[in-house]
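Listed below are the residues making up each chain.
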Amino acid sequence: AQTVTQSQPEMSVQEAETVTLSCTYDTSESDYYLFWYKQPPSRQMILVIRQEAYKQQNATENRFSVNFQKAAKSFSLKISDSQLGDAAMYFCAYRTGANNLFFGTGTRLTVIP
Amino acid sequence: NAGVTQTPKFQVLKTGQSMTLQCAQDMNHNSMYWYRQDPGMGLRLIYYSASEGTTDKGEVPNGYNVSRLNKREFSLRLESAAPSQTSVYFCASSYRTGNQPQHFGDGTRLSIL
């Protein structure tokens, strides 16, 4: 069974600083996809970044980047130059094939002004 | 662009009542999904429809039924609501290929008394 673990229920970061959110997953598949979603208080689920397992290069989207360690089954999210608008719940998710996403339990990020 | 639209946004039911949650997407996506989100947990898949005319059970299907009415619409029905079904329900859609992200609606907060 696929499982996704986010071991940090809460994190905080000073505005303009960098923070890393951790995620590990368990799978026997070799081809899969990983995502980070952001859920602000508005409750929307917003895609932040995605990574294909077959790609060795870490994905980057502006201030957001990942550290993908396939052998260790680790997929952490780094947020640089943190902004107040980054405050939200962040969910790591795993997907194989065309089917559903498996989500972690989330990390609540607080940005301190 | 509307994206994924869910109705209603809020609902309160009594135990034993029935209700249908509606979801529609205008992105011409093949696949649609229903998730529930409970406190302290990530989203869990209830049912999904990989393509028009097909539906499959997800992780937590008991107590629910779904209908893929057409390519745009995917409804979730609670036949006899129970307090354990109090949750926030999200509909999502995506193209079939695995690296394509799921796009989420704004959620429905459902309370069963």
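Cut-offs and rules
- Residues numbered from 1 in each chain as written.
- Chains lettered and ligands numbered in written order.
- Predicted model: local features only at pLDDT ≥ 70, side-chain atom pairs only at ≥ 80, totals over all residues.
- Heavy atoms only, no water.
- Helix = DSSP H or I, 4+ residues; strand = E, 2+ residues; numbered from the N terminus.
- Contact = heavy atoms within 4.5 Å.
- Areas by Shrake-Rupley, 256 points an atom, 1.4 Å probe, with all protein chains shown as cover.
- Lys, Arg positive; Asp, Glu negative; His and termini not counted.
- Charge placed at Lys NZ, Arg CZ, Asp CG, Glu CD.
- Phe/Tyr/Trp six-rings, centres within 6.5 Å; stacked < 30°, edge-to-face > 60°.
- Buried < 20%, exposed > 50% of the residue type's maximum accessible area, 1.4 Å probe, protein only.
- Disulfide = S-S within 2.5 Å.
- pLDDT = per-residue confidence, 0-100.
- Core = buried A, V, L, I, M, F, W, Y, C linked by side-chain atoms within 4.5 Å.
- Buried area = accessible area lost by both parts, 1.4 Å probe.
- Salt bridge = Lys/Arg side-chain N within 4 Å of Asp/Glu carboxyl O.
- Polar contact = N/O pair within 3.5 Å; in protein donor to acceptor, adjacent residues only side chain to side chain.
- Pairing = 2+ DSSP bridges.
- Axes fitted to C-alpha atoms, helices over the stretch in contact; angles between N-to-C directions.

### Thoughts on the overall build of chain B
Of the regular secondary structure elements, chain B holds zero helices and 11 strands. Along its sequence from the N terminus, chain B presents helices and strands in the succession β-β-β-β-β-β-β-β-β-β-β. Based on the C-alpha atoms only, the size of chain B along its principal axes is roughly 40 × 30 × 25 Å. Counting contacts in chain B only where the partners sit at least 6 residues apart, residues at least 24 apart contribute 55% of the total. For chain B, the exposed area adds up to about 5,100 Å²; of that, 48% sits on carbon and sulfur atoms. Within chain B, the 8 negative side-chain charges are centred at a point lying 3 Å from the centre of the 11 positive side-chain charges.

### A closer look at the packing of aromatic side chains
Residue and element names in this part refer to chain A. Taken as a whole and assessed by the stated rule, the structure comprises 17 aromatic pairs over all chains. Ring centres of Y94 and F102 lie 6.3 Å apart, and the angle between their planes is 50°; on these two criteria the pair is classed as tilted. The exposure class assigned to Y94 is buried, which follows from its relative accessible area of 1%. Under the relative-accessibility criterion, F102 is labelled partly exposed at 22%.

### Some thoughts on the state of the cysteines
All names here are of chain A. Applying the stated criterion across every chain, the model contains two disulfides over all chains. Two residues share a disulfide in this structure: C23 and C92, whose sulfurs sit 2.0 Å from each other. As the torsion about the S-S bond is roughly -70°, the C23-C92 disulfide counts as left-handed. Highlighted residues: C23 in the loop between β3 (19-21) and β4 (24-26) and C92 in strand β10 (residues 88-95), separated in sequence by 69 residues. We classify C23 as buried; its relative accessible area is 1%.

### Re the confidence of the model for chain A
In this model, chain A carries an average pLDDT of 92, and 96% of its residues clear a pLDDT of 70 or more. The least confident element of chain A, judged by mean pLDDT, is strand β11 (residues 101-103) of chain A at 88; the most confident is β3(A) at 98.

### Topic: the nonpolar core
Core analysis: the biggest nonpolar cluster contains 25 residues, and Y25(A), W36(A), F75(A), L77(A) and Y90(A) have the highest contact counts within it. Looking at this core, the elements that each hand over two or more residues are β3, β5 (33-39), β6 (46-52), β8 (64-69), β9 (74-79), β10 and β12 (107-112) of chain A. Ranked by the residues each element gives to this core, the list is headed by β10(A), at four residues. Among all residues touching F75(A), those that are not within four sequence positions of it are C23(A), Y25(A), L34(A), F35(A), W36(A), Q51(A), V66(A), N67(A), F68(A) and C92(A). If you look at the next biggest cluster of nonpolar residues, it comprises 20 residues, including W34(B), Y64(B), L78(B) and I112(B).

### Regarding the interface of chain B and chain A
If you look at the interface, chain B gives 27 residues, while chain A gives 20 residues. Between chain B and chain A, a total of about 1,900 Å² is buried, with carbon and sulfur atoms accounting for 50% of that surface. In this structure, the connection of chain B to chain A is made through zero salt bridges. Between chain B and chain A we count eight residue pairs in polar contact (both at pLDDT 80 or more) in total. Among the elements of the structure, β4 (31-37), β5 (43-49), β9 (87-94) and β11 (108-112) of chain B are those that each provide at least two residues to the side of chain B that touches chain A.

### Topic: the sheet that holds strand β7 (residues 64-68) of chain B
Residue and element names in this part refer to chain B. Taking strand neighbours across the sheet as the criterion, the four strands line up as β1-β3-β8-β7 in an open arrangement whose pairing is antiparallel. For this open sheet the edge positions go to β1 (4-7) and β7, each flanked by a neighbour on one side alone. Neighbour to neighbour, the strand axes of the sheet diverge by 15° on average, direction disregarded. Two elements, β1 and strand β3 (residues 19-25), share four bridges in a ladder whose sense is antiparallel. The residue bridging V4 from the neighbouring strand is Q25, located in β3.

### Remarks on the pairing of β9(A)
All names here are of chain A. Burial analysis of β9 places five of its six residues in the buried class, which makes it a mostly covered element. Pairing of β3 with β9 involves three bridges; the strand directions are antiparallel. What sits directly across from L21, in β9, is L77. One ladder, built from six bridges, connects β8 with β9; its direction is antiparallel. The residue of β9 that forms the bridge with F64 is I79. As consecutive antiparallel partners, β8 and β9 are separated by four residues, and within that stretch K73 has a phi angle of approximately 55°, a positive value.

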